[in-house]
Amino acid sequence: MKEKVLTPEKLEKKQAKIQKEIARLEKEKAKPRRSGYLAYLILIICVVYITDEIASQIQALMKTEIATDLLAKYGESSIGVLDILGIIAFPFQGISLLYKPLSDKYGRKTFLVINTFGMGVALFLIYLSGNLVFYIIGSTLAAFFVPHDMQVVYITESAPPRHRAKIYSLVKGVATFGIMLVPLFRRMFMTSASEWRMVYLVPAIMGVAASLIALFSLRETDAFIESRLKYLNMTDEEKDNAKKSKDLSESQGGLVAAMKFVAGHKQLKWLYAAIAFGTMGVLVTMQYQTIISYGYAQSYLVQGLYSTIESALDAASVGAVTSALFAFPIGSGLVQLSHGFVSDKWGRKAAIISMAAATVISLVIFSAGAENAWNPYLVGLFSGVCVGSFWACTDINTMMVGESSPTNLRSSIVSLQMFALGIGYVVTYCVGIPLITYLGNSSIPAVSLGLAVPSLIVFLLILIFKTKETKGVNLESVTGEEYD
């Protein structure tokens, strides 16, 4: 293929653009690092992460009310139908695979701000939704921005290596405790299940505010600045050689480069395989509020307290379910706070094994607790442990992916993991959701357990026997060759 030759004018403009970017990055690099900046960074990332956690969890926390309200006019109230409609968001999540890798070229901060702002706007659209169509638009927009987790890349590249997992779990734990705002707003704004939209308003405002705080107060990560400057200071010949190089050590992101890198490194291939199997149990993270709601509602019917499932669900919604959801973030937050300490002391694999076991055990406990009308705070606590443990497995796996990737490709490789995550969601939507729709909402606990147990077993076997420990790796010098 004939190489494109630039005219002197275009070449001059190209060089001027490169020099302008180098000057900007050098200026950013030269900014004095204030005493206590790491603590300040952690604080701001916590605010951003709280927004992310609320945006990702609020629909699960409000699912029964949303399905009952928006689907009632169509003669439906099935949770499965609402989940099937969620398939509409899949193409937009696919488009997002082209979006996140851009942070390997344009920086982490820009995309942290855009993602957080986008989540706030999405929540506001759902608050305004008066019909199913408007709700789907808002939830689809949220589905585009939520998966990117740029705050994870940000904190991973900024934390000291020996404390990386502890700091990450601290941030994630605080963000998880922030989910408690959702049941708080339920209690403040909902006098009946039909007023569920009001719960979305304050988190929407938080998202926009958090994005502005991040825009004006955070600096770019040093790891990105060093990696980008190294590339920009190369000659055109060196850049061409970098593009052709099999080790891709100088590539500046992109899905194609990430795919090539993963294909050449067995550690990453096995980590992707593990997350694909592990995510096949994701149904439980989508349905825990429904399990609690229908568990208590069925118990009320058995006791003769209500004559219809609709009246029992409405009573459970503003009573036991809201109380349980207050305890949910506590259980999930405690898990998130603890797994980082286990991970940094005994390794990533030990942490994942403990989290997988906690997922299955707590799923059985909180499902049985709701069906037998146990104290709602206890049920909520164990539901939080279940969901928190499941996502802890995914988070630690993602951290291992990042710790097995060079800085110049890290965001792209982590983003590429969505293909593996998608396999788990395909199984959920092709097997789990149809089963629930066919068998009824009362079957959700059994279907969730049936998918979670075998998938987590395979997930653990792959991690234990096919991957190497990544604890303590220096992210600024890792090449990926260390694990081959």
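Residue numbers restart at each chain and count upward from 1, following the sequence in its written direction. Where local features are concerned, this predicted model is filtered to residues with pLDDT of at least 70; where side-chain atom pairs are given and counted, the filter is 80 or more; whole-chain, interface and lining totals use all residues. Only hydrogens and water are set aside when side-chain values are computed; all heavy atoms of the structure are taken into account.

In this section: unusual backbone geometry. Its identity as a non-glycine residue notwithstanding, Ala373 has a phi of 55°, on the positive side. If you trace the backbone, Ala373 turns up in the loop between α19 (348–371) and α20 (376–403). The secondary structure listing takes helices from DSSP runs of H or I that are at least 4 residues long and strands from runs of E that are at least 2 residues long, numbered from the N terminus.

What follows concerns helix α21 (residues 407–439). Taking 1.5 Å as the rise per residue, α21 with 33 residues should run 48 Å; its terminal C-alpha atoms sit 47 Å apart, in good agreement. Throughout, the bend at a residue refers to the angle made by two axes, fitted to the seven residues ending there and to the seven starting there. The largest bend along α21 measures about 35° and falls at Thr428. Gly440 lies just past α21 and shows a positive phi near 105°. In a helix, the anticipated span is given by 1.5 Å times the number of residues less one.

Moving on: the packing of α20 against α21. Axis geometry follows a simple rule: fit a line to the C-alpha atoms, using only the stretch in contact for helices, then measure angles between N-to-C directions, giving values from 0 to 180 degrees. One way to put it is that α20 packs onto α21 with a least axis distance of 9 Å and a crossing angle of 140°. Once α20 is placed against α21, the crossing between them reads as right-handed. Along the contact surface, α20 presents Trp391, Thr394, Asn397, Thr398, Val401 and Gly402, while α21 presents Arg410, Ile413, Val414, Gln417, Leu421 and Tyr425. For the contact of α20 with α21, a count of residues per class yields 6 nonpolar, 5 polar and 1 charged. Note: crossing handedness is left-handed where the near helix turns anticlockwise from the far helix by less than a right angle, and right-handed where it turns clockwise. Whether two residues touch is decided by their heavy atoms; if any such pair falls within 4.5 Å, the residues are in contact. Amino acids outside the nonpolar list (Ala, Val, Leu, Ile, Met, Phe, Trp, Tyr, Cys, Pro) and the charged list (Asp, Glu, Lys, Arg) are all regarded as polar, and Gly is one of them.

Bringing the packing of aromatic side chains into the picture now. The rule is short: rings of Phe, Tyr and Trp, with Trp giving its six-membered ring, pair when the centres are within 6.5 Å, and they are stacked under 30 degrees, edge-to-face over 60, tilted in between. In total, this model carries 10 aromatic pairs according to the counting rule given. Between Phe124 and Tyr127, the ring centres sit 5.7 Å apart and the planes meet at 40°, which makes this aromatic pair tilted. Residue Phe124 and its partner Tyr127 are located together in helix α7 (residues 108–128), separated by 3 residues, close to a single helical turn. Throughout, exposure labels follow a simple rule: accessible area from a 1.4 Å probe, protein chains only, divided by the maximum for the residue type, with under 20% read as buried, over 50% as exposed, and the rest as partly exposed. Residue Phe124 is classed as partly exposed on the basis of its relative accessible area of 35%. Judged by relative accessible area, Tyr127 falls into the partly exposed class, the value being 23%. Judged by centre distance (4.9 Å) and plane angle (85°), the rings of Phe144 and Phe145 are edge-to-face.

Think of a salt bridge as a Lys or Arg side-chain nitrogen and an Asp or Glu carboxyl oxygen that are within 4 Å of each other. What the rule picks out here adds up to 12 salt bridges. Close ionic contact of Glu28 with Lys31 constitutes a salt bridge, the shortest N to O distance being 3.0 Å. Note on Glu28: relative accessible area 14%, which makes it buried. Two residues, Arg348 and Glu403, come together in a salt bridge whose shortest N-O distance is 2.6 Å. Linking Arg348 in helix α19 with Glu403 in helix α20, this pair joins segments that are 55 residues apart in sequence. Judged by relative accessible area, Arg348 falls into the buried class, the value being 0%. Classification of Glu403 by relative accessible area gives buried; the value is 0%. Salt bridges sharing partners connect three or more residues here, namely Arg164, Lys166, Asp344, Arg348 and Glu403.

Once that is clear, we can look at the environment of Leu451. Tracing the backbone through its elements, the reader meets Leu451 in helix α22 (residues 444–466). In this structure the C-alpha to C-alpha distance between Leu451 and Ser338, which are 113 residues apart in sequence, comes to 26 Å. Setting aside anything within four residues of it in sequence, one finds Leu451 in contact with Met280, Gly281, Leu283, Val427, Val431 and Gly432.

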